[in-house]
Amino acid sequence: MTDATSTPAATAPADPPTPAVALTGVTVRRHDRDGRELVLLDGVDWRVQPGEHWAVLGPNGAGKSTMLQLAGGVTHPTQGTVDVLGHRIGRVDMRALRERIGHVDAATARGLKRGLDGRGVVLSGAFGSLAPQGRRLGPEHEARADALLALTGAEALAVRRFDDCSQGERQRLLLARALMAGEATPALLLLDEPASGLDLPSRERLVGALVASAHRWPTLPTITVTHHLEEIPPTTTHALLLRGGRVLAQGPAADVLASGPVSACFGLGVTVERSGGRWAARLAGG
Ligand SMILES: Nc1ncnc2c1ncn2[C@@H]1O[C@H](COP(=O)(O)OP(=O)(O)OP(=O)(O)O)[C@@H](O)[C@H]1O
Ligand SMILES: [Mg+2]
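What you see is a predicted model; the values in this text were computed from it and never measured.

### A closer look at the packing of aromatic side chains
What the rule picks out here adds up to one aromatic pair. When the centroid spacing of 5.6 Å and the interplanar angle of 85 degrees are considered together, the rings of Trp46 and Trp54 count as edge-to-face. The ring of Phe162 has Arg170 sitting right over it, with the charged end atom 5.1 Å from the ring centre.

### Focus: the sheet that holds strand β6 (residues 101-104)
Spatially, six strands are ordered β6-β7-β8-β3-β9-β10 in an open sheet, and the strand pairing comes out mixed. The two strands at the open ends of the sheet, each matched to only one other strand, are β6 and β10 (246-252). On average, each strand axis in the sheet is tilted by 15 degrees relative to the strand beside it, whichever way the strands run. As judged from the six bridges shared by strand β9 (residues 238-243) and β10, these two strands associate in the antiparallel manner. Paired with His238 across the bridge in β10 is Pro252. Here helix α7 (residues 167-178) sits on the sheet in contact with β6 and β7 (188-192), set at roughly 165 degrees to β6.

### Examining the site of ligand 1
In the region of ligand 1, 13 residues are neighbours, and Gly61, Gly63, Lys64, Ser65 and Thr66 sit closest. Here an oxygen atom of ligand 1 sits 2.9 Å away from a polar atom, N or O, in the main chain of Gly63. Glu193 has a polar side-chain atom sitting 3.5 Å from an oxygen atom of ligand 1. Alone, ligand 1 offers 640 Å² of accessible surface; in the complex the protein occludes 59% of this. Residue assignment for the shell around ligand 1 shows that the elements contributing at least two residues are β2 (37-48) and α2 (64-71). Among the elements that line the shell around ligand 1, the one with the most residues is α2, at three residues.

### A short note on the environment of Met180
Topologically, Met180 is positioned in the loop between α7 and β7. Its relative accessible area of 0% is what places Met180 among the buried residues. Taking the C-alpha atoms as reference points, Met180 and Asn60, separated by 120 residues in sequence, lie 30 Å from one another. Beyond its immediate sequence surroundings of up to four residues, Met180 is in contact with Val122, Leu123, Gly125, Ala126, His141, Arg144, Ala145 and Leu148.

### Some points on the pairing of strand β11 (residues 270-275)
Strand direction decides the pairing type here: β11 and strand β12 (residues 278-283), joined by six bridges, are antiparallel. Bridge pairing links Val270 to Leu283 in β12. Where β11 folds back onto β12 in an antiparallel hairpin, the turn is made up of two residues, including Gly276, whose phi is positive at roughly 60 degrees.

### Describing the pattern of salt bridges
Under the criterion given, the structure shown has 13 salt bridges. When the shortest N-O distance is used, the salt bridge between Asp163 and Arg114 registers 3.6 Å. Of the two residues, Asp163 is situated in the loop between α6 (139-151) and α7 and Arg114 in the loop between α4 (106-111) and α5 (118-123); the sequence distance between them amounts to 49 residues. The partner of Arg203 in a salt bridge is Glu204, and the shortest N-O contact between them spans 3.0 Å.

### Describing the sheet that holds strand β1 (residues 21-31)
Within the open sheet, the four strands sit side by side as β2-β1-β4-β5. Their pairing is antiparallel. Taken across any chain shown, the strands that pair with only one partner, and hence form the sheet edges, are β2 and β5 (87-88). Across eight bridges, β1 lies against β2 in antiparallel orientation. When the sheet's bridge partners are listed, Arg30 is paired in β2 with Leu38.

### Concerning the nonpolar core
Membership of the largest hydrophobic core comes to 32 residues, with the highest contact counts inside it found for Val121, Val122, Leu173, Leu175, Leu179, Met180 and Leu189. Listing elements by their share of this core, those giving two or more residues are α5, α6, α7, β7 and α8 (200-216). Looking at this core element by element, the count peaks at five residues for α7. Beyond its immediate chain neighbours, meaning those up to four positions away, Leu179 contacts Arg144, Leu148, Leu151, Pro186, Leu189, Ser213, Trp217 and Leu220. Counting residues in hydrophobic clusters, the runner-up holds 29 residues, among them Val26, Val28, Trp54 and Ala62.

### Focus on helix α10 (residues 259-266)
Within α10, the full set of buried residues consists of Val262, Ser263 and Cys265. The buried side chains of α10 occupy one side of the element, clustering within an arc of 160 degrees when seen end-on. Where α10 is buried, its residues meet β3 (53-57), β9, β10, α9 (253-256) and β11. Gly267 lies just past α10 and shows a positive phi near 65 degrees.

About the cut-offs
- Residues numbered from 1 in each chain as written.
- Chains lettered and ligands numbered in written order.
- Predicted model: local features only at pLDDT ≥ 70, side-chain atom pairs only at ≥ 80, totals over all residues.
- Heavy atoms only, no water.
- Phe/Tyr/Trp six-rings, centres within 6.5 Å; stacked < 30°, edge-to-face > 60°.
- Lys NZ or Arg CZ within 6 Å of the ring centre and 35° of its normal.
- Pairing = 2+ DSSP bridges.
- Helix = DSSP H or I, 4+ residues; strand = E, 2+ residues; numbered from the N terminus.
- Axes fitted to C-alpha atoms, helices over the stretch in contact; angles between N-to-C directions.
- Contact = heavy atoms within 4.5 Å.
- Near = heavy atom within 4 Å.
- Polar contact = N/O pair within 3.5 Å; in protein donor to acceptor, adjacent residues only side chain to side chain.
- Areas by Shrake-Rupley, 256 points an atom, 1.4 Å probe, with all protein chains shown as cover.
- Buried < 20%, exposed > 50% of the residue type's maximum accessible area, 1.4 Å probe, protein only.
- Salt bridge = Lys/Arg side-chain N within 4 Å of Asp/Glu carboxyl O.
- Core = buried A, V, L, I, M, F, W, Y, C linked by side-chain atoms within 4.5 Å.
- Arc of directions from axis to C-beta.

Treat this as a map of the structure, not an account of what it does.
Rendered as structure tokens:
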């Protein structure tokens, strides 16, 4: 007779992986200057697992950047819980957590120390702070920065002043900077409209850099906020659609990035097509 309890290691189901980001019943409220309450996010439940690449879409003001700020430990929920890399926001040293998260958004670009060259911008991402921290930087950081400049196709920008760079060049440097987070790699990558203001070749170079990053670090979870389906990298596995602070749809990209859900999200009849791994949207019947 076999004793089912004698070999627990062989029979016990594997523990589910710790989500990189877990939002549970999250509501975010703020007050405007007149004291009126605004609901930025309303009852959001969302799990991002290691190795998943999420695209987040929704109309202006839907709450996308607020969701990314929650995931980056930059803001707190009014209600509900947010867990990032296994730590509950509100109970953890946020600075230590942020050192492990690569974050590209407009505020980062605005907050950089003036006069940095491309390599200085990338190095400034090493410790989750905006200024390069000379004392803590070693040759391993320099080597990593050079490898990331190569990965993002930005080698030629290493000695160019960030202020002199074009929008597309800046976005590639900011991506390389975000990839400097963490000991050897970031544990989470957050990109808020990384392709904003880019022309077609620059957009394609950025998408290429995101694909290269996904291949280089297959388990690194990424969340990309975007307005245009054409900007979504083919490595995207999941998508979430937000409207008025509520999740309208979330799940595998192939299901969510489809005509029905996207039309409902934007309140406009659109046809969504996928070809060669990339997505495109146009007005239905157009
Ligand atoms: N601190 C704040 N106080 C009051 N309202 C805020 C605050 N932060 C954001 N909002 C409002 O919350 C809503 C959601 O903002 P959020 O930046 O998350 O939207 P978004 O989906 O990223 O929009 P966009 O596509 O325009 O970037 C907006 O209407 C915005 O004006
Ligand atoms: Mg935004």
